[in-house]
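Summary of the model geometry
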Amino acid sequence: MNVILFVGVNGVGKTTSIGKIGKKLVDSGKKVMFIGADTFRAGAVNQLREWSERVGALFFGDDRTDPSAVIYDG
């Protein structure tokens with residue numbers, strides 16, 4: 001199992017990059033799960049959920065206030 005964590009300031013393309021890398025991994029036969037743990041930005045979890053549906057990845061996320069709890073449960 002590999003874990004890739006994306007961290008950065010708002011608006012630099014993290015979500016888009018996650019989608020593109022996820023698509024490449026899914027296409028190569030890997031099992032991929034996106035975990036939406038950005039609980040501070042409105043719509044962030046839904047945006048990542050949309051990307052997971054586009055690329056065929058699994059998804060876990062919710063709008064709790066503790067991002068570490070979301071990641072742990074995912």
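One structure accompanies this document, and this report is about it. (Residues numbered from 1 in each chain as written. Predicted model: local features only at pLDDT ≥ 70, side-chain atom pairs only at ≥ 80, totals over all residues. Heavy atoms only, no water.)

**Overview of the pattern of salt bridges**
Applying the stated rule across the entire model yields three salt bridges. Of the charged contacts in the structure, one is a salt bridge between aspartate 27 and lysine 23, with a shortest N-O distance of 3.2 Å. One end of the pair is aspartate 27 and the other is lysine 23, both in helix H1 (residues 14-27) and four residues apart, which spans about a single turn. Exposure remark for lysine 23: the relative accessible area of 37% places this residue in the partly exposed category. (Salt bridge = Lys/Arg side-chain N within 4 Å of Asp/Glu carboxyl O. Helix = DSSP H or I, 4+ residues; strand = E, 2+ residues; numbered from the N terminus. Buried < 20%, exposed > 50% of the residue type's maximum accessible area, 1.4 Å probe, protein only.)

**What about a nonpolar patch on the surface?**
Taken together, Ile4, Phe6, Ile21 and Leu25 make up a surface patch of nonpolar side chains, about 320 Å² in accessible area. For phenylalanine 6, the position within the fold is in the segment before H1. (Patch = residues over 30% accessible without salt bridge, like charges linked within 9 Å, V, L, I, M, F, W, Y side chains within 5 Å. Areas by Shrake-Rupley, 256 points an atom, 1.4 Å probe, with all protein chains shown as cover.)

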